[in-house]
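# Breakdown of the fold
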Amino acid sequence: MTFVPSDPAVPAPPALSPAHVAAWQERGGSVFELLGRVREAGPVARVSLGSADAVLVSLPEAVHHVLALHPERYVKRSHRLAPLFGGGVLTAAGEAWRSQRRLLQRYFTGQGIRRFEPAIGGAAERTTQLWERAARTGEVRDLAADLRFYSLDVIWRCLTGRPVTHETYDELRAVDAVISALPVVPRPGDTPPDLTAEVARIDAVVKRTVDEVRAEPSGDGLLRVLLDAEQARHYTEQLVRDELVTLVFAGHETTASTLAWLYLFLDAEPHWRGWALDRGADGVQALVAETLRLYPIAWLMPRYATEDDVLAGYRVRAGDIILTSPWFTHRDPGLWPDPDAFLPDRFTDPARRPSGHGTYYPFGLGPRACLGAQFALREAGVLLERLLPAFVPTLLERPGPAFDITVHPAGPVPATIRRA
Ligand code: HEM
C-alpha cells in the first residue's frame, strides 16, 4: 500500500512525552541528553520544542531519504552558523549555493587536492618539529591545541599561500566563544546571541589577510580564486569574506577534533597504534574512520521540511525540524555490533561493516555532503603517518565530549611526548 502524506492513516513518529521534556527542562539538561531520550522512542522519533516539532532521524534509509534523495524537501534554512559564515557555501541555499559549490568543487576532488600537498607537508613538518622538541625537553603540550594549530596551518597555507602565524591563530580563537554561544538545535523565532565583538575580531584578521593577498597578484592559494571571482563580479567583497571564514572554520575545527579524539582513543588502547603501523596507510585511515564513527564531529545535521512527506512510514509536516544524526546511527547496535567499542579493524574487513546507504556518514550525504572530505582524510593521514611511528604521547588529562554544534573534547588534552 502506498501512503500519500495527507493520508490520515499515516502515523506520526513516536514522540517523547511532554512530561519527559518538562522534566528535562526543569533539570536544565543538555540537548544531547534530550535527544538520547528521543532516540529511545525510535530511530525516527519526535519531540516538541515549543515553537516547532523536531524529528530525530537515525534510521539509515530515512537519513538517505532526507539528505540524498530529497534535498529539495529538506533544506538548510536560518542556519545556526549564519551569524559567523554569512552567505558562505556551508550556509548558502538555492542557486547561490549551487554556483559557489561549483566554483570550489574542483579544488576538493581527489585530483584537485594534489595541489595542496606542499601545504599539508609543510604544516606536518612544523608539528613534527614541535613534538621533536617536546620529546627532547619533556615539556607538556596541549595536544588539542597542537592539532588545532596544525589543521589551521594547513587550511591557511591552502587559502593564502603562507603559514599561519601564532598571532593569527590566537586572534581566530574568538571562534570558540561563537561556537559555544550558538544554539545546537535551531528553533524558528529564537533571538540569535549577540556575537558582534567576536565576529569583529575575526573580521579584522580576514580583512588584513584579504588586503595582503590582494596586493600580491601572483599567489596561487584558494583566496586568489575567490578574488578572481570577485573581479569577474561573480562574488561580492562580502561574499569573499563569508567564503573565507567558512573555509577557515569548516576546514579546521572538524579535522582538529577528529585528530584529538583519535589520540584519546590510542591513549586508552595503545595496541591500535602498532596495529595501524603494520598496515601502513590503510591502517591509519581505519583509525580515522573508526574515530569518525564514534565521534562524527558534525553530530547533528538539521534540515527544515518544506512540505508534508512520508518518512520511513511516518508523517512529517512542512515546518518540522529534521535532525539527522550520525552519532545515533553510528552507535546503533543493530547496525554496528559492540557499537561503543573502538575497533578500527571494522574498516579493514568489509564483512564487518553494515552495507547500505545511510549507515555511516561522518561527512554527510547527498549534494550538501562535506566539500572537504577527501582533503580532511589526506590532511589527517599525512600528519599521522609522520607522528604515529615517531612519538607516543602520554595524556595527563582525558576530557569528555562537549556537544556543541560540533562534538569536541571539552577541555585541553595535556600530554608529555616520548620518542617511540
Ligand atoms: C574530519 C573532518 C570533517 C568532518 C567530519 C566534516 C563534516 C562535514 C559534514 C557532516 C558536512 C555536511 C553538513 C550538513 O549536511 O549539514 C560538512 C559540510 C561541509 N564541509 Fe566538512 N567536514 C570535515 C572537514 C572539512 C574540511 C577540511 C573542509 C574544507 C577544506 C570542509 C568544508 C566543508 C564545507 C564547505 C561544507 C558545506 C558543503 C555544502 O553545503 O555544500 N570540511 N562537513
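This text gives an overview of the structure that appears in the document. (Residues numbered from 1 in each chain as written. Predicted model: local features only at pLDDT ≥ 70, side-chain atom pairs only at ≥ 80, totals over all residues. Heavy atoms only, no water.)

### Quick notes on the overall build of the chain
Put simply, the rule is: Counting from the N terminus, the helices are the DSSP runs of H or I reaching at least four residues and the strands are the DSSP runs of E reaching at least two. In what follows, residue pairs with any heavy atoms lying within 4.5 Å of each other are defined as contacts. The accessible surface values rely on the Shrake-Rupley method and a 1.4 Å probe; as for residues, cover is taken only from the protein chains in view. Counted as positive: Lys and Arg. Counted as negative: Asp and Glu. His and the chain ends are not counted at all. To locate a charge, take atom NZ for lysine, CZ for arginine, CG for aspartate or CD for glutamate.
The helix and strand inventory of the chain stands at 17 helices and twelve strands. When the backbone C-alpha atoms are referred to their principal axes, the chain occupies close to 65 × 55 × 40 Å. Taking all contacts inside the chain whose residues are at least 6 apart in sequence as the whole, residues at least 24 apart take part in 72%. Here the chain has roughly 17900 Å² of accessible surface; of this, 54% comes from carbon and sulfur atoms. The distance from the centre of the 46 positive side-chain charges to the centre of the 51 negative ones in the chain is 2 Å.

### Considerations on the nonpolar core
What counts, and what does not: Side-chain atoms within 4.5 Å are what join buried Ala, Val, Leu, Ile, Met, Phe, Trp, Tyr and Cys residues into a set we call a nonpolar core. Burial classes follow relative accessibility: with a 1.4 Å probe on protein chains only, a residue under 20% of its type's maximum area counts as buried, one over 50% as exposed, and anything between as partly exposed.
In this structure, Leu84, Leu143, Ile202, Phe249 and Trp299 are the most contacted members of the largest nonpolar core, which totals 121 residues. By residue number, the principal contributor to this core is helix H7 (residues 143–160), which donates twelve residues. One finds Val57, Ala62, Val63 and Val316 within the second-largest nonpolar core, a separate group that totals 15 residues.

### Considering the side chain of Thr128
Note the threshold: Polar contacts, as counted here, are pairs of nitrogen or oxygen atoms within 3.5 Å of one another; within protein the pair requires one atom able to donate a hydrogen and one able to accept it, and residues that are adjacent in sequence qualify only if both atoms are side-chain atoms.
Along the chain, Thr128 falls in helix H6 (residues 117–137). By relative accessible area, which is 9% here, Thr128 ends up buried. Within polar-contact distance, the side chain of Thr128 engages the backbone oxygen of Ala124 at 2.6 Å. Excluding residues within four positions of it along the chain, Thr128 makes contact with Arg386, Leu387 and Phe391.

### Some points on the site of the ligand
Quick reminder of the rule: It suffices for a single heavy atom of a residue to lie within 4 Å of a molecule or strand for the residue to be listed as near it. Within this scheme a cavity is a closed region of a 1 Å grid, computed over the protein atoms alone, that accommodates a 1.4 Å probe without allowing it to escape, whereas a pocket is open but has protein on both sides within 12 Å along at least five of seven lines; lining residues each have an atom within 4 Å of a point. Assignment to a cavity or pocket requires that more than half of a molecule's atoms be within 2 Å of the site's grid points.
The local shell around the ligand holds 26 residues, among which Trp97, Arg101, Arg303, Arg368 and Cys370 are the closest. Between the ligand and Ala250, the relevant distance is 3.4 Å, taken from a nitrogen atom to a main-chain nitrogen or oxygen of the residue. Contact between the ligand and Arg368: an oxygen atom at 2.7 Å from a side-chain N or O atom of the residue. Among the cavities detected, the one that contains the ligand is the largest cavity. Broken down by element, the residue count for the shell around the ligand peaks at three residues, all from helix H13 (residues 253–268).

### Remarks on the pattern of salt bridges
For the record, the criterion: Salt bridges are defined by distance alone: a side-chain nitrogen of Lys or Arg within 4 Å of a carboxyl oxygen of Asp or Glu.
Following the criterion strictly, the structure yields 32 salt bridges and no others. A salt bridge links Asp332 to Arg39; the shortest N-O distance between them is 3.5 Å. Of the two residues, Asp332 is situated in the loop between helix H16 (326–330) and helix H17 (373–390) and Arg39 in helix H2 (residues 31–41); the sequence distance between them amounts to 293 residues. Each of Glu72, Arg73, Glu307 and Asp309 takes part in salt bridges that share partners, so that together they form one network.

### Overview of the sheet that holds strand S1 (residues 44–48)
Hydrogen bonds along the backbone pair up the strands of a sheet, which may run parallel or antiparallel. To be explicit about the condition: Strand pairing requires that DSSP identify at least two bridges connecting the strands. To get an axis, fit a line to the C-alpha atoms, keeping to the stretch in contact for a helix; angles then go from 0 to 180 degrees between the N-to-C directions.
Strands sit in the order S1-S2-S8-S5-S3 across an open sheet of five strands; the sheet is mixed. If you trace the sheet from one side to the other, it starts and ends with S1 and strand S3 (74–75), each paired once. Sheet analysis places strand S5 (residues 301–305) next to strand S8 (residues 321–324), joined by four bridges and oriented antiparallel. Along S8, the bridge assignment pairs Met301 with Thr324. Contacts between H2 and the sheet are confined to S1, strand S2 (53–57) and S8, with S1 contributing the most and set at about 130° to the helix.

### Quick notes on the packing of aromatic side chains
Quick note on the threshold: We call Phe, Tyr and Trp rings a pair once their centres come within 6.5 Å, taking the six-membered ring for Trp, and we label the pair stacked below 30 degrees between planes, edge-to-face above 60, and tilted otherwise. The rule for a charge over a ring is simple: NZ of Lys or CZ of Arg within 6 Å of the ring centre, and within 35 degrees of the ring normal.
Tallying each qualifying case throughout the model produces 21 aromatic pairs. On the numbers, 5.7 Å between centres and 70° between planes, the contact of Phe32 with Trp299 is edge-to-face. Taken together, the positions of Phe32 in helix H2 and Trp299 in the loop between helix H15 (280–294) and S5 put the pair 267 residues apart, joining distant regions of the chain. Members of the aromatic cluster, each reached through a chain of ring pairs, are Phe32, Trp261, Phe265, Trp272, Trp275, Tyr295, Trp299, Trp327, Phe328, Phe342 and Phe403. Positioned above the aromatic ring of Tyr295 is the side chain of Arg331, whose terminal nitrogen or guanidinium carbon lies 5.5 Å from the ring centre. A cation over an aromatic ring shows up here: Arg331 above the ring of Trp327, its NZ or CZ 4.0 Å from the ring centre.

### Some points on the side chain of Thr255
Structurally, the position occupied by Thr255 is in helix H13. Residue class for Thr255 comes out buried when judged on its relative accessible area of 7%. Residue contacts for Thr255: discarding those within four places in its chain leaves Ser151, Ala376 and Glu379.

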